[in-house]
Amino acid sequence: MISLENKIKKIWDAYILALTIVSAIEVPARLVMNYPLSGALLILDYMVSVSFLIDVVLNFLSEHIIKGKIVRSFGSVSRGYLKGWFLIDFLSAVPFDLLTGGSFVALNRLLRLFRLLRLLRLARLAQFMSKLGANQAINPVLLRLFFFIFWLGMMAHWMGCGWIALGGCPNHEGIHQYVRALYWAVTSLTTVGYGDITPADTPQTIYAMLIEIIGAGMYGYVIGNVASLLANIDVAKAHFSEKLEQVNAFLKYREIPADLQTRVRSYYDYLWESRLGYDESSVVEDLPPSLKIEISMHLNRDIIEKVPLFKGATDEFIRDIVSVLKAHVFTPGDFIVRKGELGDEMYFISRGSVEVVSENGEQVFATLQDGSYFGEIALINREPRTASIRARNYCDVYTLSRDVLEHVLQKFPEIAEQLRTLAEQRIRELQQ
Ligand code: CMP
């Protein structure tokens, strides 16, 4: 049996799909315009029939997914195929054109209609499209837009062919006739309807009315869907813009001073640039614990690499810490910690820099960069904050709560020792 993962089979499926699309365009066109089957067209027709027949055989020999289960045995595959797609696949492989060479005219016409059976294979295309839609690597909105345009084009083609079949463009021949009919189909489908091509008899009038009704429905669909499809091509951007609009409306409504408004906006600009506006912790929150840790490890890997305290730490320590770190952003000039306050968290700087300053902010004792941490003294010594901390620029920091820190330090005494040593050194520097 041919495996579902077989690369050659996948290429073969793509080839069959391409032939299906070509047939869906060519078969109706030939049926209504009656051009002779010769030269390259004859070769194409042979190719389609032979390929479709080989495909029928291959389908008996390939693994299938039936109701979500992979079916591998020949017996079950054959039974499933015979009950399902076999008839359509087989009939679409029969070269009715070649078979009806010189038979009775009436029978010939009827049999030629059987060519249209090839169109049935397009149902396979719809199946393939929904499979592609499940593939996360492709932007689903762009894919929907592409399918939409594809089906629209296909429908316009078929409707144009229908118009020719009803004798819609009597003064034109060949390709000119086709282009006129296609033009009529597109103007009717899009409800533009210039009225330069009009129905001449009752069948044409009924057909035109049908197309107009379908066109009106489709026009509604286009207006309703394409605008939202386009707006959602970049989902993250769409969400973020919506949030920004709400914030802007609020700032205006509450008459927030202009400079404060500017700060709020530049904060959102930073959020967009640094993380596309996502609140990482709320995204991670919905995941099961094991995945949550894996994702946190990945998201917080820069902080793990940057903080010297974590460098020599065991995997277990890092796993314990990463999943409980919480991300925050501070804007330039923000006081992250105020001297004398009671603190419940310590901070790790992932990006940006902060200043250790006096209570009024005038005296700067030290500057801390990416990879440093602060706020540990209040937690270790159980005392108020020894200094204030002010952000120098946009800062991405991660916080660790007191409870978690105490728990983790009990488990890892060497790290606790390192923290204590630096805290003592900092206190000494402050006193100096
Ligand atoms: P905490 O006292 O909790 O809050 C203020 C923080 O500033 C303090 O913890 C230290 O992490 C940090 N800090 C204090 N003094 C210094 C210093 N001299 N150098 C670097 N950081 C300091």
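Refer to the structure above for everything that follows.
Residues numbered from 1 in each chain as written. Predicted model: local features only at pLDDT ≥ 70, side-chain atom pairs only at ≥ 80, totals over all residues. Heavy atoms only, no water.

Q: Which parts of the structure should I look at to understand the sheet that holds strand E9 (residues 388-391)?
A: Sheets are built from strands that pair by backbone hydrogen bonding, the pairs being arranged parallel or antiparallel. In space, the 4 strands of this open sheet follow the order E4-E9-E6-E7, with antiparallel pairing throughout. The open sheet has two edge strands, strand E4 (335-337) and strand E7 (364-368), and neither has a second partner. For this sheet the average axis-to-axis angle between neighbouring strands, irrespective of direction, equals 30°. Strand direction decides the pairing type here: strand E6 (residues 354-357) and E9, joined by 4 bridges, are antiparallel. Directly across from valine 354, in E9, lies its bridge partner alanine 391. (Pairing = 2+ DSSP bridges. Helix = DSSP H or I, 4+ residues; strand = E, 2+ residues; numbered from the N terminus. Axes fitted to C-alpha atoms, helices over the stretch in contact; angles between N-to-C directions.)

Q: Got a minute to help me understand the packing of aromatic side chains in this structure?
A: What describes a pair of aromatic rings is the distance from one ring centre to the other and the angle between the planes of the rings. Applying the stated criterion across every chain yields a total of 17 aromatic pairs. Ring geometry for phenylalanine 348 versus tyrosine 373: centroids 6.0 Å apart, planes at 55°, classification tilted. Of this pair, phenylalanine 348 sits in strand E5 (residues 345-351) while tyrosine 373 sits in strand E8 (residues 373-374), and the two are 25 residues apart along the sequence. By relative accessible area, which is 1% here, phenylalanine 348 ends up buried. These aromatic residues form a ring-pair network of at least three members: Phe60, Tyr81, Phe86 and Phe90. Stacked on the ring of phenylalanine 335, the Lys or Arg arginine 338 has its end atom at 4.0 Å from the ring centre. For the cation-ring pair, arginine 426 lies above tyrosine 373, with the distance from its terminal atom to the ring centre recorded as 5.2 Å. (Phe/Tyr/Trp six-rings, centres within 6.5 Å; stacked < 30°, edge-to-face > 60°. Buried < 20%, exposed > 50% of the residue type's maximum accessible area, 1.4 Å probe, protein only. Lys NZ or Arg CZ within 6 Å of the ring centre and 35° of its normal.)

Q: Sorry if this is basic, but what is going on with the pattern of salt bridges here?
A: If the charged atoms of two oppositely charged side chains come close together, the side chains can form a pair. Considering all chains together, one arrives at 15 salt bridges under this definition. Its salt-bridge partner being arginine 72, residue glutamate 63 comes within 3.2 Å of it at the nearest N-O pair. Glutamate 63 gets classed as buried once you look at its relative accessible area, which sits at 12%. Its salt-bridge partner being arginine 263, residue aspartate 334 comes within 3.1 Å of it at the nearest N-O pair. One end of the pair, aspartate 334, is in the loop between strand E3 (326-330) and E4; the other, arginine 263, is in helix H13 (residues 258-275), and 71 residues separate them in sequence. A network of salt bridges, in which partner residues are shared, links Glu26, Arg30 and Asp45. (Salt bridge = Lys/Arg side-chain N within 4 Å of Asp/Glu carboxyl O.)

Q: Please explain the site of the ligand as it appears in this structure.
A: Around the ligand there are 16 residues in total, and Gly375, Glu376, Ala378, Arg385 and Thr386 lie nearest to it. Note that an oxygen atom of the ligand is positioned 2.9 Å from one of the backbone N or O atoms of alanine 378. In the model, an oxygen atom of the ligand is placed 2.7 Å from a nitrogen or oxygen of the threonine 386 side chain. Relative to its unbound accessible area of 460 Å², the ligand is 98% covered by the protein chains. If you list the elements that add at least two residues to the shell around the ligand, you get E7, helix H19 (376-380) and helix H21 (413-431). Within the shell around the ligand, the residues separate by chemical class into 10 nonpolar, 2 polar and 4 charged. (Near = heavy atom within 4 Å. Polar contact = N/O pair within 3.5 Å; in protein donor to acceptor, adjacent residues only side chain to side chain. Areas by Shrake-Rupley, 256 points an atom, 1.4 Å probe, with all protein chains shown as cover. Nonpolar A, V, L, I, M, F, W, Y, C, P; charged D, E, K, R; others polar.)

Q: What am I meant to see in the sheet that holds strand E10 (residues 395-401) here?
A: Taken in spatial order, the 4 strands of this open sheet run E3-E10-E5-E8, and their pairing is antiparallel. Looking along the sheet, the strands with just one partner apiece sit at the ends: E3 and E8. Note that E5 and E8 share 2 bridges and pair antiparallel. Bridging from a neighbouring strand, tyrosine 347 pairs with phenylalanine 374 of E8.

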